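Structure at a glance
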Amino acid sequence: MEARGELRVGFVGAGRMAQGVAQGVVRAGKVKAANVLASAPSDRNLGAFQDLGCRTTHCNSEVLQRCSLVFLATKPHLLPGVLQEISPAVTRDHVIVSVVAGVTLQTLQQLLPAGTKVLRVMPNLPCVVQEGAVVFARGSCAGEQEAALLKSLLSACGLCEETPESYIDIHTGLSGSGVAYVYLFAEALAEGAVKMGMPSALANKIAAQTLLGAAKMILETGEHPAKLRSNVCTPGGTTIHALHELEKGALRATVMNAVEAATTRARELGKR
């Protein structure tokens, strides 16, 4: 399947999530681009892999034949058919990693040959720039070695944590979909500055840097966000007046509701 000591990584499905993971691991030097093989039914999504220097195919089974670590990255409704197609090529030497939203480890293990080493992963889009947030859970036949391999690989994409499987749908609501909430907030932040007279390009750049700096302070100081927020406020100052407007708009409750809605939807997809 592959030369000793040389990891070959495959992707069955070549959408944005697969592209993000591939770009993260290749750009970080974890895997050579030539040792990555992606499959998709058409050329539409394969161009991003080809631009990265990866190999591509229209044959899903070829990915299993040539790679030992294989990411499943199809749409949820297509996965059962894909698993039926590739199952004859799956061996006990393979490590199968699913990034398909809402599909449980139990379902994956039922649809793959008995004894298959399966892990379930939920990355997010900033894996493309190696600043993603990734969680994963392992199936009953995946051990410490497979977990360590996956964590080493995906740490190239940003933060990577092993969690109970029950956290994965929550992670979808918090971080997988959460990236979009942050983009919306960044857009609104910049548009507020544009309203007050700042050029759009400059406002977008400063809004992005503000979010980056604030996030870095949370991670590096270990302080609770509420403490850091309080540190910015001075009695009667600009910040507390602005925060009052956000509270009147129910920002906190709305964001919590958004996380709940996305998590609930992820769970609904898992029951189909």
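Look up a bit, the structure's there.
The following paragraphs examine the structure supplied in this document. Worth saying up front: this structure is predicted, and the values here are computed from it rather than measured. (Residues numbered from 1 in each chain as written. Predicted model: local features only at pLDDT ≥ 70, side-chain atom pairs only at ≥ 80, totals over all residues. Heavy atoms only, no water.)

Some points on the overall build of the protein
The number of helices and strands found in the protein is 12 helices and 8 strands. On the principal axes, the C-alpha backbone points of the protein span a range of 70 × 35 × 35 Å. Per-residue burial over the protein gives 39% buried out of 272 residues. Residue pairs in contact within the protein that sit at least 24 positions apart in sequence constitute 64% of those at least 6 positions apart. If you sum the accessible surface of the protein, you get close to 15,000 Å²; carbon and sulfur atoms cover 58% of it. A distance of 1 Å separates the average location of the 26 positive side-chain charges in the protein from that of its 22 negative side-chain charges. (Helix = DSSP H or I, 4+ residues; strand = E, 2+ residues; numbered from the N terminus. Buried < 20%, exposed > 50% of the residue type's maximum accessible area, 1.4 Å probe, protein only. Contact = heavy atoms within 4.5 Å. Areas by Shrake-Rupley, 256 points an atom, 1.4 Å probe, with all protein chains shown as cover. Lys, Arg positive; Asp, Glu negative; His and termini not counted. Charge placed at Lys NZ, Arg CZ, Asp CG, Glu CD.)

Quick word on the packing of aromatic side chains
Counted according to the given criterion, the structure contains 2 aromatic pairs. A ring pair is formed by Phe11 and Phe49, whose centres lie 5.5 Å apart and whose planes are at 55 degrees; its orientation type is tilted. Of this pair, Phe11 sits in strand β1 (residues 9-12) while Phe49 sits in helix α2 (residues 46-52), and the two are 38 residues apart along the sequence. Of the two residues examined, Phe11 and Phe49, each falls in the buried class. Judged by centre distance (5.0 Å) and plane angle (10 degrees), the ring pair of Phe11 and Phe71 falls under stacked. Here Phe71 lies in strand β4 (residues 69-72) and Phe11 lies in strand β1, a separation of 60 residues in the sequence. With respect to burial, Phe11 and Phe71 carry one shared label: buried. Taken together, the ring pairs connect Phe11, Phe49 and Phe71 into an aromatic cluster. (Phe/Tyr/Trp six-rings, centres within 6.5 Å; stacked < 30°, edge-to-face > 60°.)

So, the packing of helix α7 (residues 166-176) against helix α12 (residues 251-270)
Helices that pack against each other are described as a pair by the angle of their axes relative to one another and the distance between those axes. Viewed as axis vectors pointing N to C, α7 and α12 meet at an angle of 140 degrees, and their least axial separation amounts to 7 Å. Accordingly, the angle class assigned to the pair α7 and α12 is oblique. At the point where α7 passes α12, the crossing takes the right-handed sense. Contact with α7, carried on its side by Asp169, Ile170, Thr172, Gly173 and Leu174, involves Val259, Ala262, Thr263, Ala266 and Arg267 of α12 and no other residues of that element. Taken together, the residues of the contact of α7 with α12 sort by class into 5 nonpolar, 3 polar and 2 charged. (Axes fitted to C-alpha atoms, helices over the stretch in contact; angles between N-to-C directions. Parallel < 35°, antiparallel > 145°, perpendicular 65-115°, else oblique. Left-handed = near helix turned anticlockwise from the far one by under 90°. Nonpolar A, V, L, I, M, F, W, Y, C, P; charged D, E, K, R; others polar.)

Notes on the environment of Met217
Relative to the helices and strands, Met217 resides in helix α9 (residues 200-221). The spacing of Met217 and Thr74 is 143 residues in sequence and 36 Å in space, taken between C-alpha atoms.

Quick look at the nonpolar core
Counting residues in hydrophobic clusters, the biggest one holds 35 residues, and the most contacted among them are Phe11, Phe49, Phe71, Val97, Val121, Leu150 and Leu154. The element that contributes the greatest number of residues to this core is helix α1 (residues 16-27), accounting for 5 residues. Not counting the four nearest positions on each side in its chain, Val97 is found in contact with Leu69, Val70, Phe71, Leu72, Leu119, Val121 and Leu150. (Core = buried A, V, L, I, M, F, W, Y, C linked by side-chain atoms within 4.5 Å.)

Some thoughts on the pairing of strand β2 (residues 36-39)
Along β2, one buried face is formed by Val36 and Ala38 and the opposite face, lined by Leu37 and Ser39, is buried too. For β1 and β2, the ladder comprises 4 bridges, and the chain directions are parallel. Following the sheet pairing, Gly10 is matched in β2 by Leu37. Following the chain from β1 across α1 to the adjacent parallel β2, one finds a crossover that is right-handed. When β2 meets strand β3 (residues 55-57), the two strands line up parallel, connected through 3 bridges. Bridge pairing in β3 links Ala38 to Thr56. Read from β2 through α2 to β3, the crossover connection turns out right-handed. (Pairing = 2+ DSSP bridges. Right-handed = clockwise from strand over helix to strand, strands pointing away.)

Description of α1
Compared with the 16 Å implied by 1.5 Å per residue over 12 residues, the 16 Å span of α1 between its first and last C-alpha is a close match. The element α1 is extensively covered by neighbouring structure, given that 9 of its 12 residues are classed as buried. The set of residues buried in α1 consists of Ala18, Gln19, Gly20, Val21, Ala22, Gln23, Gly24, Val25 and Val26. In the stretch just after α1, Gly29 is the one whose phi turns positive, near 80 degrees. (Expected span 1.5 Å × (residues − 1).)

Looking at the pattern of salt bridges
Summed over all chains, the structure comprises 10 salt bridges. We note a salt bridge from Glu6 to Arg8, for which the minimum N-O separation is 2.9 Å. Among the charged side chains, a network of salt bridges with common partners joins Arg120, Glu165 and Asp169. (Salt bridge = Lys/Arg side-chain N within 4 Å of Asp/Glu carboxyl O.)

A few points about the pairing of strand β8 (residues 158-162)
When strand β7 (residues 132-138) meets β8, the two strands line up parallel, connected through 5 bridges. Its bridge partner being in β8, Val134 is matched across the sheet by Cys160. Viewed along the sheet, the connection from β7 through helix α6 (residues 144-154) into β8 turns out right-handed.

Read these as geometric descriptors, not functional statements.
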